[in-house]
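Inside the fold
As a plain string of letters, each chain reads:
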Amino acid sequence: MIPWLETDTPFPDVSKALTVEAPGLLAAGADLSPPRLLQAYRNGIFPWFSEGQPILWWSTDPRMVLYTADFKVSDSLAKTLRKVERSRLDGGRWDVRFDSAFSDVMRACAAPRRDGPGTWISDEIVDGYSGLHVLGYAHSSEVWLDGELVGGAYGVCIGRMFYGESMFARVSDASKVALAYLVAFLRRHGVRMVDCQQETGHLASLGAAPIPRSRFLEHLRAAIAEPPIGDWTVGPPFAARDDKPSAASVTPAASAAAPDRSGNSPAIPLDG
């Protein structure tokens, strides 16, 4: 039995999360106000629930993470990134922006997919994370083509810790382009880890791997204590070799039956 949270009830310790029936499920209830969401992320907890359910809070073990130094760019994606970057610098058809259309990115992530219904991202979720965006904690990476938003990703950043949430693409590779620009930016600003929450094959293909929750929390506590990133200005989609921070070795751990967030779009519980 998991505890029910009232508005002022603190989260239980993540060690209390279920391990069998719904691995990682920690609590239910409370709200999605910015203070509650920040409290959750600072403790390695995230919300995920379907329409008609109460708010459910999770802390999975192992935890899927992407070290920014380990992000994999295929030859075809690298070619696309070079094309987009040339266009971005020359004022061409392609552009990449941060934080110019945050709510639009969220709603695009929530829209029905070609292969299924919409995601778990409800109006309540959009409102909660839009509140974090206003406070400077939630950010979007956006890909534009001929002035139209065609791809993007969003997540939460506290100190030098980034928590990925979802992505979408309306043209081929647009979500991967958004992610590549975001990861390169984070790497240049000393963010070593992106929280991906659950293990998927798509995430693994991009360089993510599961680590024990204890190691994730150890990194998280140090990262959130660092100063926040002040200037979210888009830079090139490739980090220089000498910018590469020393990433801790990742030891694959046994997969846990994490909540199925595959409706979110690829990479960062994303699909794209």
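Conventions we followed
- Residues numbered from 1 in each chain as written.
- Predicted model: local features only at pLDDT ≥ 70, side-chain atom pairs only at ≥ 80, totals over all residues.
- Heavy atoms only, no water.
- UniProt positions renumbered as here; feature names shortened; annotations may be inferred.
- Buried < 20%, exposed > 50% of the residue type's maximum accessible area, 1.4 Å probe, protein only.
- Helix = DSSP H or I, 4+ residues; strand = E, 2+ residues; numbered from the N terminus.
- Lys, Arg positive; Asp, Glu negative; His and termini not counted.
- Salt bridge = Lys/Arg side-chain N within 4 Å of Asp/Glu carboxyl O.
- Contact = heavy atoms within 4.5 Å.
- Patch = residues over 30% accessible without salt bridge, like charges linked within 9 Å, V, L, I, M, F, W, Y side chains within 5 Å.
- Areas by Shrake-Rupley, 256 points an atom, 1.4 Å probe, with all protein chains shown as cover.
- Charge placed at Lys NZ, Arg CZ, Asp CG, Glu CD.
- Phe/Tyr/Trp six-rings, centres within 6.5 Å; stacked < 30°, edge-to-face > 60°.
- pLDDT = per-residue confidence, 0-100.
- Axes fitted to C-alpha atoms, helices over the stretch in contact; angles between N-to-C directions.
- Parallel < 35°, antiparallel > 145°, perpendicular 65-115°, else oblique.
- Nonpolar A, V, L, I, M, F, W, Y, C, P; charged D, E, K, R; others polar.
- Core = buried A, V, L, I, M, F, W, Y, C linked by side-chain atoms within 4.5 Å.
- Domains from an automatic or database assignment.
- Pairing = 2+ DSSP bridges.

Named according to an unreviewed UniProt entry, the protein chain is Leucyl/phenylalanyl-tRNA--protein transferase originating from Massilia aurea. Quoted straight from UniProt, the Sequence similarities (unreviewed entry) entry for the protein chain says "Belongs to the L/F-transferase family."

All right, on to helix α1 (residues 34–42) then. Along α1, the positions that sit buried rather than exposed are Arg-36, Leu-37, Leu-38, Ala-40 and Tyr-41. Downstream of α1 by a residue or two, Gly-44 has a phi angle that is positive, lying close to 75 degrees.

Relative to the helices and strands, Arg-213 is located in helix α7 (residues 213–224). Although Arg-213 is buried, it makes no salt bridge; Asp-61 carries the closest opposite charge, 4.1 Å away. Apart from residues no more than four positions distant in its own chain, Arg-213 is found in contact with Val-14, Ser-15, Ala-17, Ser-59, Thr-60, Asp-61 and Pro-62.

Together, Lys-79, Arg-82, Lys-83 and Arg-86 make up a region of like positive charge exposed at the surface. Residue placement: Arg-86 occurs in helix α2 (residues 75–90). By relative accessible area, Arg-86 is classed as exposed at 52%.

If you walk through the whole model with that rule in mind, you get 9 aromatic pairs. Ring geometry for Phe-11 versus Trp-57: centroids 5.0 Å apart, planes at 75 degrees, classification edge-to-face. Taken together, the residues span a long stretch of sequence, with Phe-11 in the loop between β1 (4–5) and β2 (25–29) and Trp-57 in strand β4 (residues 56–58) at a distance of 46 residues. Phe-11 sits in the buried class, given a relative accessible area of 13%. With relative accessibility at 0%, the residue Trp-57 sits in the buried group.

What follows deals with the confidence of the model for the protein chain. Interpretation of this model should avoid reading the predicted coordinates in detail wherever pLDDT is low. Summing up the model confidence of the protein chain, the mean pLDDT is 87 and the portion of residues at 70 or higher is 85%. Across residues 242–272, confidence stays below pLDDT 50; counting only partners more than four residues off in sequence or on other chains, it has 105 contacts.

What follows deals with the packing of α1 against helix α4 (residues 123–134). Between α1 and α4, the shortest axis-to-axis distance is 9 Å and the interhelical angle comes to 85 degrees. In this view, α1 runs roughly perpendicular relative to α4, as classed from their interaxial angle. Residues Pro-34, Leu-37, Leu-38 and Tyr-41 of α1 form the contact with α4, whose participating residues are Gly-128, Tyr-129, Gly-131 and Leu-132. Taken together, the residues that form the contact of α1 with α4 break down as 6 nonpolar, 2 polar and no charged.

Moving on, we come to the nonpolar core. Core analysis: the biggest nonpolar cluster contains 52 residues, and Trp-57, Ile-121 and Tyr-129 have the highest contact counts within it. With 6 residues, helix α3 (residues 102–110) is the single largest residue contributor to this core. When we break this core down by domain, the ones giving at least three residues each are domain 1 (4–60) and domain 2 (65–224). Those residues in contact with Tyr-129 that sit more than four places away from it in its chain are Leu-37, Tyr-41, Pro-47, Phe-102, Met-106, Ala-138, Tyr-154, Val-156 and Glu-165. Membership of the second largest hydrophobic core comes to 35 residues, among which are Leu-145, Ala-153, Ala-180 and Leu-206.

So, on to the pattern of salt bridges. Inspection of the entire model under this criterion finds 5 salt bridges. In this structure, Arg-63 and Asp-195 form a salt bridge, with 2.9 Å as the shortest nitrogen-oxygen distance. Of this pair, Arg-63 sits in strand β5 (residues 63–67) while Asp-195 sits in strand β10 (residues 193–197), and the two are 132 residues apart along the sequence. Take Arg-63: its relative accessible area is 0%, and that puts it in the buried class. Judged by relative accessible area, Asp-195 falls into the buried class, the value being 0%. Linking Arg-88 and Glu-85 is a salt bridge whose minimum nitrogen-to-oxygen distance equals 2.9 Å. Taken together, the residues Arg-88 and Glu-85, both in helix α2 and 3 residues apart, mark about one turn of the helix. Judged by its relative accessible area of 11%, Glu-85 falls in the buried class.

Whenever strands of a sheet pair, they do so through backbone hydrogen bonds, lying parallel or antiparallel. The strand order β6-β7-β8-β9-β10-β5-β11 describes an open sheet built from 7 strands, whose pairing is mixed. For this open sheet the edge positions go to β6 (94–98) and β11 (209–211), each flanked by a neighbour on one side alone. Neighbour-to-neighbour, the strand axes of this sheet turn through a mean angle of 30 degrees, independent of strand direction. Judged from the 5 bridges that link them, β6 and strand β7 (residues 138–145) form a sheet pairing that is antiparallel. Bridged to Val-96 within β7 is Val-143. Sheet strands in contact with α1 are β8 (148–158), β9 (161–169) and β10, and its direction is about 70 degrees off that of β8. Lying over the sheet, helix α5 (residues 174–188) contacts β5, β6, β7, β8, β9 and β10, oriented at roughly 160 degrees with respect to β9.

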